[in-house]
Amino acid sequence: MTQRKVRVRFAPSPTGALHIGGVRTALYNYLFAKQNGGDLILRIEDTDSQRFVPGAEAYIIEALTWLGIKFDEGVNFGGEYGPYRQSERKAIYKEYVDQLLNDGHAYIAFDTPAELDAKRQEIANFQYDASTRLQMRNSLTLSAEETKALIDAGHQYVVRVKIEPNEDIHVNDIIRGEVVINSSILDDKVLYKSADQLPTYHLANIVDDHLMEVTHVIRGEEWLPSAPLHVLLYRYFGWTETMPQFAHLALLLKPEGNGKLSKRDGDRLGFPVFPLEWHDPKTGDISSGYRESGYLPEAVVNFLALLGWNPGNDQEMMSMEELINYFDLTRCSKAGAKFDYEKGKWFNHQYIQKKDNKEVAALFMPILVNHGVKADPGYVEKVVGMMKDRVSFIKDLWEVCAFFFVAPTEYDEKTTKKRWKADSAAQLAELIEVLRTREPFDIEGTEEEVKAWIESKGYHLGNIMNATRLALVGEGKGPHIFDITEALGKEESIRRIQRAIEVLK
C-alpha cells in the first residue's frame, strides 16, 4: 500500500475565544505536519448554529498567525478540498446521511424535547440506544408510510446512528495505545438535524476528514469518548483503509493540578488563558490575552510545546525549527500537564534576553511615547542593553529604567535617610569638578579617575557611590554607576548631581 502524504487538521468551532489548550492542539498538529513534510488544514466546524459567535473565526486566524502557526490550506488559505467551513458543505453531508439510512446504519427519530424529558423521568440514566429505541417514536417503530407522512407534514426530526450492542470497538491511539470500548455503553448519537439541515460534529468531521484525506487526527482527550463512534462510522461507510490514526492529547490542568484549566483560573491567579485579548460581543466582557499582556509569540510557543511533551533531553529553550525537529507524538504524556504560568513568565524573560537590543528597543519605543518621551533609537538601544535582563516583559522596562529618560524630581525618603550623609553635598560638589574635566567621558576611564580622586581625599567609596546613585536615579536602584553616567552623558550627569545637592542640602 502506498504511503499517503501526512495531512492533519485543526478544526475549531467559532463559539468564542480560542482557549490556550486549543492553541497547544494547533501547535502540535503544526509540528507534526512540518516534521513529516505534510500539510496542515484549517477547518472551521460551525455546524452548531446556536453557539456561533461573530468575530470568533477571525480571532482564531489572527491568534494562530501571531504565534507563527502556518496553514497550508483551509479557511482564508485556499486549497483544493474546500469549502472549509462546515456550514458551506450542507449538500455534501446530506448525501452521506442518506447513505447511512439506506444501508440501515441510521434511522430517523421524531421524539420531541418533551417526549425525551418524559422518558428520562421514567428511566433512570436514560440513554437512547438498542435497549430503549424501540420504545421511542422513530422510523424503527413507525412504518415507512408513517415516517414519510411525518416528514412531508414538516415535522422536525433527527437522524441517529444505529449502534449494535455488545461489540468491542478497538481504537488504536498513538499516545494511549489500544483503547477497547464496548458498544453497549454508546448511545445512538444524533448525526443530522432537519431543523437547520446541518450534521452534528460526529458526522461532519468524519466525512470531512475522509474527503480531505486527513491521515492523522491529533485532538484533545475530551474527544476520546467519541473515537469508538468515529471508528464505527468509518466502517459503516467502508472507509477503514483510509481511517486516520488517532492521537488524543492530555488535558491542560489548573496550576494546582486538580481539574481542567479554565478562564476562572486565569482570572483568579492573574494570567491569560487566551492568546489574544477577547472582547465578548454578547456580554461585553474583556478577557486578557498573551499578546496584550506582553508575551513574545516565540516564548508562548516554547512554553506550550513543553506542556505535555518533552524532547527526550534536558533542553528547554527551543526555536520553532528545533521543536519541529524534535517533536514526537509518542513522547506526549498520557497524564494532564499542570499549567505552570510562572514558567511561562520565565520563558518570556529568556526570550527577551535572546533578542537583539535593537529589536527590544523597537518594542519599547511605543511605551516611551505613551509616557511622553521622545528618545533617540540608538540611546534606547543602549539603555535596554543594560536593563533587559531585569524584566520578564517589555512593558516592565519603564519601571526599571525610566530614570534614563526622565530626571528625578524627588528622592526616595528611605534611601535618602540611609545614603545621604552630612558631608554628601560637599563631596558631590567636588565630584562635579572631577567629572567636568574628564575627557573622554567613558566608563572605564571615568571610573578609574573618580576612584583615584576618592582615594586621594580619603573619602569613603561606598558613601560617595550611594549618594551619587541617589542623585542620578532618585532611589537606590539601577546598574553600575559609571554605566549610568556614560549613558546620560557629562552634562546631564552633572545637572542631576547639582540638583540633588540643591534639594537635599
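About the criteria used
Residue numbering note: each chain is counted from 1, following its sequence as written. This being a predicted model, a pLDDT of at least 70 is required before a residue's local features are given, and a value of 80 or more before pairs of side-chain atoms are given or counted; all residues contribute to the totals for chains, interfaces and linings. Working from all heavy atoms in the structure, the side-chain values ignore hydrogens and water. In this text, helices come from DSSP runs of H or I with a minimum length of four residues, and strands from runs of E with a minimum of two, each type numbered from the N-terminal end. The globule rule used here is 2.2 Å times the number of residues to the 0.38 power, and the radius of gyration it is set against is calculated over C-alpha atoms. For the exposure calls, accessible area comes from a 1.4 Å probe over protein chains only, and a residue counts as buried if that area is under 20% of its type's maximum, exposed if over 50%, partly exposed in between. Throughout, the Shrake-Rupley method with a 1.4 Å probe supplies accessible areas, and for residues the shown protein chains are the sole cover considered. Just so you know, the domain bounds were taken from an automatic or database domain assignment. Contacts between residues were defined by any pair of non-hydrogen atoms, one from each residue, lying within 4.5 Å. The term buried area denotes the loss of accessible surface (1.4 Å probe radius) that occurs when two parts are joined, taken as the sum for both partners. The term salt bridge refers to a pairing of a side-chain nitrogen on Lys or Arg with a carboxyl oxygen on Asp or Glu at a separation within 4 Å.

Let us now look at the overall build of the chain. When its secondary structure is counted, the chain shows 20 helices and 15 strands. In terms of overall size, the chain is more extended than a compact globule, its C-alpha atoms giving a radius of gyration of 33 Å where 505 residues would be expected to give roughly 23 Å. Principal-axis analysis of the C-alpha atoms gives the chain an extent of 110 × 50 × 40 Å. Here the chain, with 505 residues, has 50% of them falling under the buried criterion. When the accessible area of the chain is evaluated, it comes to approximately 23700 Å², of which 49% is carbon and sulfur surface.

To continue, consider the domain arrangement of the chain. Taken domain by domain, the chain comprises domain 1 (1-74 + 250-351), domain 2 (87-208), domain 3 (355-404) and domain 4 (413-504). Centre-to-centre separation of domain 1 and domain 2, based on C-alpha positions: 32 Å. The partner domain 2 presents 13 residues to the 12 residues of domain 1 that form the contact. Between domain 1 and domain 2 the total buried area reaches about 1100 Å² when both faces are included, carbon and sulfur atoms providing 50% of it. The largest contributions to the domain 1 side of the interface with domain 2 come from R43, T47 and K334, which together make up 46% of the buried area. For the pair domain 1 and domain 2, the number of links is one salt bridge.

As for its position among the elements, N76 is in the loop between β3 (73-74) and α3 (90-102). Residue N76 is classed as exposed on the basis of its relative accessible area of 60%.

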